[in-house]
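Listed below, chain by chain, are the residues.
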Amino acid sequence: MLDRRTRDILLAARDGAARRGIRAAISLHRERSHLMRIGNSSVSLNTSENLTRLDITVLSGRREGTHTHLGEISSQSVVDGAIDLSARKAEVARPKDYEPLLPELQEAVAESGQYDSDLAAMDPGEKARVYSEVFGAAGPAFDFSGSWSSGVVELYLVSTANELEAWHIGTDQIFSVVMKHPERKWELQDEQTGWRSGAVRAEAAVEHLASLLPVYERGGAVRNEPGEYTVLLGASAIAELLGMAVWTGCGGRMYEEKLGWTSNNSLGDRILGDNISVVDDPEDPLTFNMGFDMGGMRRRRFTLIDSGRLAGLTYDRATAARYGRRQTGHETNSPGIVLSCGTGPADALEGARGHGGRMLFIPALHYMNLPNMSKGIVTGSSRFNAVLVEDGAVVAPIFSSRVTDTFSNIFGRISALSMKAVSVNGSNTYGRRAPVAMSVPAWAIAEGVKITDCAESF
Amino acid sequence: MEGMTQAREILTRNVERVRSAGAGYADARYFADDSSEVLVLYDGNLEANDTGFETGVGVRVLWGGAWGFAATSDLAAIDSCFDLAVRNAQTAAGLVKVPLRMGEMPAHKSYFQSPVGTDPVAVPLGDKLDLLAGIDARLKEDWILRRVVVANFTRRHQLFVNSDGTDVEKRLTNVFADMIVMALDGDSEMQRRSMSLYTTGGGTRGWEMMLDPELFSGHAERIKSELSELVKAEPLEYGRRSVILLPGQTFLQVHETIGHPLELDRILGYELSFAGGSFVTLDSIGRLRYGSEKLNVSSFGGIENSPGSFGFDDEGTPERDYLLIDRGVLVNVLSSRAMVNEANDRAGRRVLEQSGGAARATAFYRAPIDRMTNVNILPGADGSLEDIVASTADGIVVDNPTSWSIGSNREHFHFGCEIAWEVKDGRRTRVLRNPTYQGHTLEFYNSLTAVGDASTWRLMQVDNCGKGEPNQIMQLGHGVPVVRFDNVITGERG
């Protein structure tokens, strides 16, 4: 549970607000983050952040005011001051044309199931040691870059709606290393994730990079002409595409406001291929688990897409209030999106061999965006480790190739999915630390994917 | 902490302490007040009535050629924050291939304040809401499905000290605002038109900007009118044609394909694992033909009224005004002190004379990295928008981005825009929806055939530039005119 002093301050502030007739929610976000960045085979930045944020929401009828204070909670007066400021803002605010909802905890939560004290206390020297080992194994011929972020996030939520408290503490980390040839300019990447110390292993990175190296060392690369291709998507590419598809296709606000690509569909309509099933599972071990949301809802397994059919729309507190829907526990920065696996082998190249023929292996997509959200058109380009594959054998690297296609085409024509689920870390480090990971098959083969441009470089 | 005087004493004492202990360089930033306010009217409902306040200290230490950084929001723990930054730097120094050097820089004792008439954070909330509600009322029509009016005000009071003896106190104020209208077209696709608060580059940047109809609210009727045409328009068909970018689109083109690839840390490979690298190399400087003779690009940190103007950067370098691209040739880049020294060492010659004053951090808890200040295309001699349209045989005029996706080395790009106007034989003929265009950066800028004069130049504000790990959102500006590129791939293949 939250340290006693801070908890006592927050509970006293909550009770004080209630006595003054203020409807308020108080949430605390505390992070201890560490990041080591690598550039040119050196540590380019070694940084620690110790930050505490207090978020206050006050409702006055249909009026709302919110305030965030980033600074230490040194006394109850800090919290009272933030509540009073929010209350003053709520009084001046224009009333909404609907009844806003105050965060109200459904049940008490205290969770620390994904907290590892060893990772929380990890010495930055250990990160330097792992990177040194990777650099040493590859030799001095390459330039290495990368980053390794690890940290602790603690969340606490109470409101004047009831006496309940919700508390979460968890650890997370994401490691990446990029190996670049200084003259030929290709870039190979290894990425590892997890919430435990020991989840990142130098030997795994070395082995992965070494397995990719031979075809790149042969030299040359393929420039793909625009057209339709069979594409072997790696786990990162699947997660990047699926994350955007779910956000714009299964988000209640997107749907209600006719902004998303499913807005003309109804629940039960077929929107993707029948081998695509997606849930938000706050207990999936390959995601970062979050047992409650900031609206106070207990998060439970929630089906989004069932065998290609639209099965559920997510509603956060504000959207539920505005459109008269029930909250679904999705006022969170840490959903646990899970794409069901298939029956294909664990290894991507084995999967390609089983399929046969020529295909582009695109493990990850860079800088994706949505030129047409209504149609679900997405664009992004290949980056690390992308190669041409024939009958399961790697033939040559490919230059940076742009995919521009619809979600319904890409996920409507998946011909094979791996049986192996892997965790893809998509944590957001804009502002506050918010660990998020998806569980997706290790690979998927998509037929007829549109490649719309290709550079003459990696 | 009892104000700036005490902060100055604590920070200076600690900077001297770690310097004496062996640090090659140290700096610290104390944010006494980093306030923000976001107001969002969505279909008339006040969906965001949010304020934020941040205070804390960020400390950066160079030890053995490596950076250590630490930040804390606990103002009682500043001494230990310095100690942690030292330990982080010492750890980093154990794995350094190319030791970083900050070089010599004269000490500056200075104070900088954004030119502000009325502090936007201090304006009564009711007055702000009345203004936004008035704009919302002007946007309201039965056929318009969504209306959004957003205002974002920031006010920062910070102190910077470093081991060179520099001591700079800054008060920075920013005002951002947007309005958007949306409606469904005949295919049930949502179309939108928007308008962002811009500046002329002059004047003051307080609440008064919100009150100037030319800069913002006076465009409400125009975007409604354009949306009404957009929902009835045909989609743009695939093909090669000229593309005329209005400033509402030019700024992002410049941002993504000139600004980012010219950040020296990207060029040197320090952003490779996340944001990406750059097709530009050190050998490119002074040699690379980036664009046609008509392309002149500057980095000007001293524009009077812009979020990219801040007096001194976050390592104490004064603002600078210099050319990045001179008549199409790349001549300089966006840089900070250590990156310039490393570039010269690596190149084996003096490719860069001095820091570009572009080391910036988004908050006290982030370390400075190479950023844009104000990256601008200088006005040209090809007249007004009408003059450029009149000299175009087959093309489109586009405005405002809906989507942008850039190659990892900034070598290629794809943009979606809100609206296009078809141009045939020197005349605008009709509105087209769902416009997109794509290209390869060098080929694209070498197809620049027209640059509008000063009458077409606007300072476009950017409040959401993301870069770095941990990620940092930065505010900056782009002064840009109307520009035309020929033989560009537009639309999507069927």
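Keep in mind it's a predicted model, so treat the numbers as computed, not measured.

A.B. asks: Quick rundown of the overall build of chain B? Include the residues and the values.
C.D. replies: Tallying secondary structure elements over chain B gives 10 helices and 24 strands in all. Taken over C-alpha atoms, the radius of gyration comes to 23 Å for chain B, in line with the 23 Å a tight globule of 494 residues would show. Expressed along its principal axes, the backbone C-alpha trace of chain B runs to roughly 70 × 55 × 35 Å. For chain B, the proportion of its 494 residues judged to be buried stands at 66%. Nonlocal contacts in chain B, meaning residues at least 24 apart in sequence, comprise 74% of its contacts between residues at least 6 apart. By element, 49% of the accessible surface of chain B is carried by carbon and sulfur atoms, the whole surface being about 15700 Å². Counting 50 positive and 68 negative side-chain charges, chain B places the averaged centre of each group 4 Å from the other.

A.B. asks: Provide a residue-level description of the packing of helix 1 (residues 3-20) of chain B against helix 2 (residues 78-93) of chain B, including the pertinent values.
C.D. replies: Residue and element names in this part refer to chain B. Here helix 1 crosses helix 2 at 30°, and the two axes come no closer than 10 Å. Taken as axis vectors, helix 1 and helix 2 run roughly parallel relative to one another. Helix 2 is crossed by helix 1, and the crossing has right-handed handedness. The segment helix 1 lies against helix 2, with Ile 10, Leu 11, Arg 13, Asn 14, Val 15, Arg 17 and Val 18 engaging Ile 78, Asp 79, Phe 82, Asp 83 and Val 86.

A.B. asks: Before we move on, can you summarise the domain arrangement of chain B with the specific residues and values?
C.D. replies: Residues and elements named next belong to chain B. One can read the domain layout of chain B as domain 1 (3-232) and domain 2 (235-490). Placing a centre on the C-alpha atoms of domain 1 and another on those of domain 2 gives a separation of 21 Å. Each partner contributes residues to the interface: domain 1 has 61 residues there, and domain 2 has 49 residues. For the pair domain 1 and domain 2, the summed buried area comes to about 4400 Å², and 51% of that belongs to carbon and sulfur atoms. Scanning the region where domain 1 abuts domain 2 turns up 10 salt bridges. The partner of Glu 315 in a salt bridge is Arg 60, and the shortest N-O contact between them spans 2.9 Å.

A.B. asks: Just give me the short version of the interface of chain A and chain B, but keep the residues and values in it.
C.D. replies: Each partner contributes residues to the interface: chain A has 90 residues there, and chain B has 85 residues. When chain A packs against chain B, the two sides together hide about 6900 Å² of surface, and 46% of this comes from carbon and sulfur. In terms of surface lost to chain B, no three residues of chain A exceed A:Arg37, A:Arg94 and A:Tyr367, which account for 10% of the buried area on that side. Summed over the shared surface of chain A and chain B, the number is 8 salt bridges. Close ionic contact of A:Arg322 with B:Asp43 constitutes a salt bridge, the shortest N to O distance being 2.7 Å. Linking chain A to chain B there are 50 residue pairs in polar contact (both at pLDDT 80 or more). Of all the elements, strand 2 (residues 42-60) of chain A adds the most residues to the side of chain A that touches chain B, at 12 residues. Taken together, the residues of the side of chain A that touches chain B break down into 30 nonpolar, 37 polar and 23 charged. With 5 bridges joining them, strand 2 of chain A and strand 3 (residues 66-72) of chain B adopt parallel strand pairing. Residue pairing across strands places A:Thr47 opposite B:Phe69, the latter belonging to strand 3 of chain B.

A.B. asks: I'd like a rundown of helix 5 (residues 220-230) of chain B, residues and numbers included.
C.D. replies: Listed in full, the buried residues belonging to helix 5 of chain B are B:Ala220, B:Ile223, B:Lys224, B:Glu226, B:Leu227 and B:Leu230. What you see down the axis of helix 5 of chain B is that its buried residues fit within an arc of 165°, all on one side.

A.B. asks: Got a sec to walk through the domain arrangement of chain A? Specific residues and values, please.
C.D. replies: Residues and elements named next belong to chain A. The domain architecture assigned to chain A consists of domain 1 (4-218) and domain 2 (227-454). When each unit is reduced to the centre of its C-alpha atoms, the spacing between domain 1 and domain 2 is 23 Å. Residue-level contacts link 48 residues of domain 1 with 35 residues of domain 2. Contact between domain 1 and domain 2 buries roughly 3300 Å² in total, counting both sides, with carbon and sulfur atoms accounting for 55%. In terms of surface lost to domain 2, no three residues of domain 1 exceed Tyr 98, Leu 101 and Gln 114, which account for 16% of the buried area on that side. Run the count over domain 1 and domain 2 and you get 6 salt bridges. Across the pair Arg 300 and Glu 107 runs a salt bridge whose closest N-O atoms are separated by 3.0 Å.

A.B. asks: Outline the packing of aromatic side chains, listing residues and values.
C.D. replies: Two descriptors summarise a pair of aromatic rings, namely the distance from one centre to the other and the angle between the planes of the rings. Taken as a whole, this structure holds 24 aromatic pairs over all chains when the rule is applied. When the centroid spacing of 5.4 Å and the interplanar angle of 55° are considered together, the rings of A:Trp186 and A:Tyr216 count as tilted. Of this pair, A:Trp186 sits in the loop between strand 6 (166-180) and strand 7 (187-194) while A:Tyr216 sits in helix 5 (residues 202-217), placing them 30 residues apart in sequence. A residue is classified by how much of its surface remains accessible, and A:Trp186, at 1% relative accessible area, is buried. Owing to a relative accessible area of 2%, A:Tyr216 belongs among the buried residues under this scheme. Ring centres of B:Phe415 and B:Tyr437 lie 5.5 Å apart, and the angle between their planes is 25°; this geometry places the pair in the stacked category. Placement of the pair is B:Phe415 in strand 18 (residues 412-424) and B:Tyr437 in strand 20 (residues 436-440), with a sequence separation of 22 residues. Each member of the aromatic cluster is reached from another via a ring pair, and the members are B:Phe279, B:Tyr290, B:Phe413, B:Phe415, B:Tyr437, B:Phe444, B:Tyr445 and B:Phe485. The ring of B:Tyr365 has A:Arg53 lying over it, and the distance from NZ or CZ to the ring centre is 5.3 Å.

A.B. asks: Help me get a handle on the sheet that holds strand 8 (residues 198-199) of chain B, residues and values and all.
C.D. replies: All names here are of chain B. Taken together, 3 strands build an open sheet; the order of strands is 8-22-23 and the sheet is antiparallel. A single partner strand is all that each edge strand has here, and the edge strands are strand 8 and strand 23 (472-480). In this sheet, strand 23 lies alongside strand 22 (residues 458-467) in antiparallel orientation, the contact comprising 8 bridges. Residue pairing across strands places Met 460 opposite His 478, the latter belonging to strand 23. Along the sheet, helix 6 (residues 247-259) makes contact with strand 22 and strand 23, crossing strand 23 at roughly 120°.

A.B. asks: Would you mind going over the sheet that holds strand 12 (residues 321-326) of chain B in detail, with residue names and values included?
C.D. replies: Residues and elements named next belong to chain B. One open sheet accounts for 4 strands, arranged 13-12-11-16; its pairing is antiparallel. This sheet does not close on itself; its edge strands, each paired only once, are strand 13 (329-330) and strand 16 (375-377). Sheet topology places strand 11 (residues 297-300) next to strand 16; 3 bridges connect them, and they run antiparallel. Looking at strand 16, one finds that Ser 299 is bridged to Val 375.

Cut-offs and rules
- Residues numbered from 1 in each chain as written.
- Chains lettered and ligands numbered in written order.
- Predicted model: local features only at pLDDT ≥ 70, side-chain atom pairs only at ≥ 80, totals over all residues.
- Heavy atoms only, no water.
- Helix = DSSP H or I, 4+ residues; strand = E, 2+ residues; numbered from the N terminus.
- Rg over C-alpha atoms; globule rule 2.2 N^0.38 Å.
- Buried < 20%, exposed > 50% of the residue type's maximum accessible area, 1.4 Å probe, protein only.
- Contact = heavy atoms within 4.5 Å.
- Areas by Shrake-Rupley, 256 points an atom, 1.4 Å probe, with all protein chains shown as cover.
- Lys, Arg positive; Asp, Glu negative; His and termini not counted.
- Charge placed at Lys NZ, Arg CZ, Asp CG, Glu CD.
- Axes fitted to C-alpha atoms, helices over the stretch in contact; angles between N-to-C directions.
- Parallel < 35°, antiparallel > 145°, perpendicular 65-115°, else oblique.
- Left-handed = near helix turned anticlockwise from the far one by under 90°.
- Domains from an automatic or database assignment.
- Buried area = accessible area lost by both parts, 1.4 Å probe.
- Salt bridge = Lys/Arg side-chain N within 4 Å of Asp/Glu carboxyl O.
- Polar contact = N/O pair within 3.5 Å; in protein donor to acceptor, adjacent residues only side chain to side chain.
- Nonpolar A, V, L, I, M, F, W, Y, C, P; charged D, E, K, R; others polar.
- Pairing = 2+ DSSP bridges.
- Arc of directions from axis to C-beta.
- Phe/Tyr/Trp six-rings, centres within 6.5 Å; stacked < 30°, edge-to-face > 60°.
- Lys NZ or Arg CZ within 6 Å of the ring centre and 35° of its normal.

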